[in-house]
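A closer look at the structure
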Amino acid sequence: MELAVGLARVRTMMRLLDVPRDLSITAMSTLANLERLGPRRLTELAAIGTSPSPP
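Presented here is an overview of the structure given in this document. Just so it is clear, the model here is predicted, and its values are computed rather than measured.

Quick look at the overall build of the protein
What the protein contains, in helices and strands, is three helices and zero strands. When the elements of the protein are put in sequence order from the N terminus, they spell out α-α-α. The burial tally for the protein puts 20% of its 55 residues in the buried class. About 4600 Å² of surface is accessible on the protein, with carbon and sulfur atoms providing 61% of the total.

Side note on the environment of Ser29
Looking at the secondary structure, you find Ser29 in helix H2 (residues 25-37). Along the backbone, Ser29 and Leu7 are 22 residues apart, and their C-alpha atoms lie at a distance of 9.2 Å.

A look at H2
End to end, H2 covers 18 Å across 13 residues, agreeing with the expected 18 Å (1.5 Å per residue, within 8%). Structurally, H2 contributes buried residues whose contacts are with helix H1 (2-17) and helix H3 (42-47). Directly beyond the C-terminal end of H2, a positive phi value near 85° is found at Gly38.

Conventions used here
- Residues numbered from 1 in each chain as written.
- Predicted model: local features only at pLDDT ≥ 70, side-chain atom pairs only at ≥ 80, totals over all residues.
- Heavy atoms only, no water.
- Helix = DSSP H or I, 4+ residues; strand = E, 2+ residues; numbered from the N terminus.
- Buried < 20%, exposed > 50% of the residue type's maximum accessible area, 1.4 Å probe, protein only.
- Areas by Shrake-Rupley, 256 points an atom, 1.4 Å probe, with all protein chains shown as cover.
- Expected span 1.5 Å × (residues − 1).
- Contact = heavy atoms within 4.5 Å.

Below you can see the structure in the form of structure tokens.
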């Protein structure tokens, strides 16, 4: 249920903020986490599931 609520919020934010359509849900989620949590290493973002793991 938590995921559904989060996705609904992202969808609402997209409509309200008129986010460019070329951003994926993953990209928007990563940007939201960076805004909320501050600067993070790619490995930290990958650990919380918002970006792919580095090679």
